Amino acid sequence: MKTEYLIAGAVFAAAAVSTPVRAQQGRIGGPVGIDTGLTEALTDTQEHLTQDASYLLRMRKDGRLPSNSLTVSGLFKAGYYYEQTDTAGKYPILSRFPNQHGTGKDNSEFVINVAAVSLTGTLTDWITAYAQMEYSEINFARDQDEVQLREYYAVLGNLDVFGGYLAYGRKTVDFGEQFGYNPFTHSINQHFFWTLADEPVLELGYVGDTWRVSGTLAEGERMLRVGMSTDRDGGLGTNFALKAEKSFLLEGDRSLRVSASYLDGTIYNNNFTAHTLASIDRPGPPNAPLPPNVYIAYENGAWDLGAEYLSPRFDLAVEYTRSTDIWPATSFNTDTGEKYDGARDLDALSIMGRYKTEIAGFRTDFSAVWSQSILGPEDTEFDDVYQHVLGAEIHINPYLDLGAEIVFNEGFQPFVGIQDVSISSVQSQVGILGVTARF
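Here the structure is a predicted model, which is why all the values come from computation and not from measurement. Along each chain, numbering runs from 1 in the same order as the chain's sequence is written. With pLDDT at 70 or above as the cut-off, local features in this predicted model cover only qualifying residues; side-chain atom pairs require 80 or more to be listed or tallied, and sums for whole chains, interfaces and linings still use all residues. Excluded from the side-chain calculation are hydrogens and water; included are all heavy atoms of the structure.

Caption draft 1: Molecular detail of the overall build of the protein. A tally of regular secondary structure across the protein gives six helices and 18 strands. Note on method: radius of gyration uses C-alpha positions; expected globular size equals 2.2 Å times residues raised to 0.38. A compact globule built from 439 residues should have a C-alpha radius of gyration of about 22 Å, and the protein, at 21 Å, falls within 12% of that. Considered along the principal axes of its C-alpha atoms, the protein spans approximately 65 × 55 × 40 Å. Remark: exposure states derive from per-residue accessible area (1.4 Å probe, protein chains only) relative to the maximum for the residue type, with buried under 20%, exposed over 50%, and partly exposed in between. Looking at the protein residue by residue over its 439 residues, the buried ones come to 57%. Pairs of residues are marked as contacts when any of their non-hydrogen atoms sit within 4.5 Å. Intrachain contacts of the protein at a sequence separation of at least 6 include 67% that bridge at least 24 residues. Secondary structure follows DSSP: runs of H or I at least 4 residues long count as helices, runs of E at least 2 residues long count as strands, and numbering of each begins at the N terminus.

See below:
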């Protein structure tokens with residue numbers, strides 16, 4: 001790989017429920033304002049993914065979101081990617097789809113991960129609403145628009161009076177952590193298990209001083225990401241998620257947070273691996289595999305355990321996610337339906353670290369994220385996949401971060417047609433230089 005694209009480091013951080021340290025507030029005029037801390041927590045795609053409803057309520061309790069106000073946010077995350085692979089056209093993971101990397105052994109391009117504008121509104125002391133419009137170049141081609149009203153939901157609650165709350169709308173399902181301390185690339189846990197609804201979900205929760213719990217009711221249809229029940233026509237409650245988390249406040253501005261989650265229905269419940277509803281209803285190419293000769297489906301949920309240690313100098317985190325049963329797409333022969341010997345549950349493990357320092361007067365984070373997933377039986381082309389990321393990010397000011405990553409991948413096992421095109425020995429390396437801007 002070209003050395004000018006290689007910037008390394010070591011890091012580990014987490015999606016803390018506390019207010020981000022680089023928050024910047026201001027009023028544009030009257031009740032309209034900006035808050036970069038809110039932007040970072042609710043709009044960014046690397047951290048703070050699953051605590052949005054409770055975060056909004058805490059912001060209101062802290063006085064960061066006054067009643068009858070509107071907060072405008074914006075996020076732009078993009079980078080220049082240089083990739084190399086030892087097998088032409090095979091570029092593993094990297095939060096993009098295989099056909100977005102090119103057909104050769106090297107590829108370079110400028111990629112807009114997300115450009116988003118969001119509005120957070122408050123009405124009386126009890127109602128908080130959030131909506132996010134975004135543009136992304138890493139959506140699934142043909143079936144997903146590059147511009148989407150990606151999230152819209154309202155939260156009913158007031159922590160000054162009572163810890164309970166109710167949230168309804170299109171949002172990330174409160175399942176797991178799905179974070180990564182590095183600037184751009186999703187961890188394997190996030191890539192495989194970030195549960196993002198398409199149809200509105202209903203979330204009921206309770207926020208305590210150092211703990212919280214939530215339950216989410218969803219429809220059985222396939223979500224944008226991960227969630228799906230075998231009863232696709234079922235109404236609200238056909239699929240559901242549960243989560244509990246607890247924080248321990250330690251001496252010296254240190255803390256430990258642990259969480260446990262359960263998701264009842266996932267897309268890993270059958271052996272027709274299509275990315276979207278349109279692909280499921282349109283079996284066969286383009287952008288969908290041919291249906292298997294023997295179709296196998298059964299309910300398959302997932303559970304998640306996460307832990308995160310935060311301190312002034314460094315952060316550490318670990319997340320483990322696992323399916324409740326074997327994945328039919330990697331456990332049964334697509335042609336005959338025969339079960340493979342040694343079939344294993346789908347899982348993902350990410351271990352992260354982040355070191356926080358200062359360079360030339362700018363706050364700087366160095367990160368390392370190690371991810372691995374078990375997919376299917378040992379000694380097959382779809383057995384395991386690895387992704388390890390070294391990252392560095394310089395925080396110029398509350399509005400601008402400059403970041404760099406080196407990504408090491410092993411194993412090419414795409415979701416679509418996994419038994420047909422996987423090659424476990426593929427190795428690739430990626431260098432990324434990019435920017436995150438927010439207001």
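Past the structure itself, the notes keep going.
Caption draft 2: Examining the environment of Thr103 more closely. Relative to the assigned elements, Thr103 resides in the loop between β3 (70-85) and β4 (106-123). Judged by its relative accessible area of 73%, Thr103 falls in the exposed class. Taking the C-alpha atoms as reference points, Thr103 and Lys90, separated by 13 residues in sequence, lie 7.6 Å from one another. Setting aside residues no more than four positions away along its own chain, Thr103 makes contact with Ala88 and Gly89.

Caption draft 3: Layout of the pairing of strand β13 (residues 314-326). Sheet analysis places strand β12 (residues 302-310) next to β13, joined by nine bridges and oriented antiparallel. Residue Leu310 lies in a different strand from β13, and its bridge partner there is Asp315. Summarising the sheet, β13 and strand β14 (residues 345-359) pair through 10 bridges and their orientation is antiparallel. Within the sheet, the bridge partner assigned to Arg322 lies in β14 and is Asp347. Should DSSP find at least two bridges between two strands, the strands are taken to pair.

Caption draft 4: Structural detail: the environment of Ser67. Along the polypeptide, Ser67 turns up in the loop between α2 (52-61) and β3. The exposure class of Ser67 is partly exposed, given its relative accessible area of 30%. Separated by 36 residues in the primary sequence, Ser67 and Pro31 place their C-alpha atoms 8.9 Å from one another. Setting aside residues up to four positions removed in sequence, Ser67 forms contacts with Arg60, Thr122, Thr124 and Asp125. Two N or O atoms count as a polar contact when they lie within 3.5 Å, although within protein this holds only if one can serve as hydrogen donor and the other as acceptor, and sequence-adjacent residues are included solely when both atoms are side-chain atoms. Among the polar contacts listed, one links the side chain of Ser67 to the side chain of Asp125, at a separation of 2.4 Å.

Caption draft 5: Looking closely at the pairing of β4. Bridge count for β3 against β4 is 15 bridges, and the pairing is antiparallel. The partner of Tyr82 across the bridge, within β4, is Ser108. Inspection of the sheet shows β4 paired to strand β5 (residues 127-135) by nine bridges, in the antiparallel sense. Counted as the bridge partner of Thr120 is Tyr130 from β5. Where β4 folds back onto β5 in an antiparallel hairpin, the turn is made up of three residues, including Thr124, whose phi is positive at roughly 55°.

Caption draft 6: Spotlight on α2. In terms of burial, α2 is a largely internal element, nine of the 10 residues being buried. Those residues of α2 lying buried are Asp52, Ala53, Ser54, Tyr55, Leu56, Leu57, Arg58, Met59 and Arg60. Positioned one or two residues after α2, Gly63 has a phi angle of 85°, which is positive.

Caption draft 7: A look at a nonpolar patch on the surface. A patch consists of residues exposed above 30% relative accessible area that lack any salt bridge, with like charges linked at up to 9 Å and nonpolar side chains (Val, Leu, Ile, Met, Phe, Trp, Tyr) linked at up to 5 Å. What sets the accessible areas is the Shrake-Rupley method with a 1.4 Å probe; for residues, cover comes only from the shown protein chains. Here, a salt bridge means any Lys or Arg side-chain nitrogen found within 4 Å of an Asp or Glu carboxyl oxygen. Together, Leu123, Trp126, Ile127, Leu156, Val161, Phe162, Leu166, Leu204, Tyr206, Trp211 and Val213 make up an exposed nonpolar region whose accessible area comes to about 1000 Å². For the nonpolar patch, the secondary-structure elements that each account for two or more residues are β7 (162-170), β8 (201-207) and β9 (211-218). Examined against the element boundaries, Leu204 turns out to sit in strand β8. Take Leu204: its relative accessible area is 57%, and that puts it in the exposed class.

Caption draft 8: Just unusual backbone geometry, in detail. Of note in this structure, Thr124 is not a glycine but carries a positive phi near 55°. One non-glycine residue, Asp379, adopts positive backbone phi at about 65°. Along the chain, Asp379 turns up in the loop between β15 (362-374) and β16 (384-397). For Asp379, a relative accessible area of 76% gives the class exposed.

Caption draft 9: Local environment of the nonpolar core. Judged by nonpolar contacts, the single largest core of 29 residues is most densely connected at Phe192, Phe193, Tyr268, Trp327, Leu346 and Leu375. Of all the elements in the fold, those that place two or more residues in this core are α3 (188-193) and β14. Top contributing element to this core by residue count: α3, with three residues. Not counting residues up to four positions away in its chain, the partners in contact with Phe192 are Ile93, Val226, Tyr268, Leu346, Ser373, Leu375 and Val385. Here, nonpolar core refers to any group of buried Ala, Val, Leu, Ile, Met, Phe, Trp, Tyr and Cys residues whose side-chain atoms link them within 4.5 Å.

Caption draft 10: Representation of the pattern of salt bridges within the structure. Enumeration over the complete set of coordinates arrives at 21 salt bridges. Among the salt bridges present, the one from Arg257 reaches Glu177, with a minimum N-O distance of 3.2 Å. Here Arg257, found in strand β11 (residues 254-263), pairs with Glu177, found in the loop between β7 and α3; they are 80 residues apart in sequence, far enough to count as distant. Note on accessibility: Arg257 and Glu177 belong to one class, buried. The partner of Asp315 in a salt bridge is Arg354, with the nearest N and O atoms 3.2 Å apart. Note that Asp315 is positioned in strand β13 and Arg354 in strand β14, a separation of 39 residues in sequence. Look at Asp315 and you get buried, because its relative accessible area is 2%. On the basis of relative accessibility, which here comes to 11%, the residue Arg354 falls in the buried class. Several salt bridges converge on common partners, so that one network encompasses Asp174, Glu177, Arg212, Lys243, Glu245, Arg257 and Glu308.

Caption draft 11: Structural detail: the side chain of Ser118. Mapped onto the secondary structure, Ser118 falls in strand β4. Residues contacting Ser118, with those up to four places away along its chain left out, are Thr43, Thr71, Val72, Ser73, Tyr130, Ala131 and Gln132.

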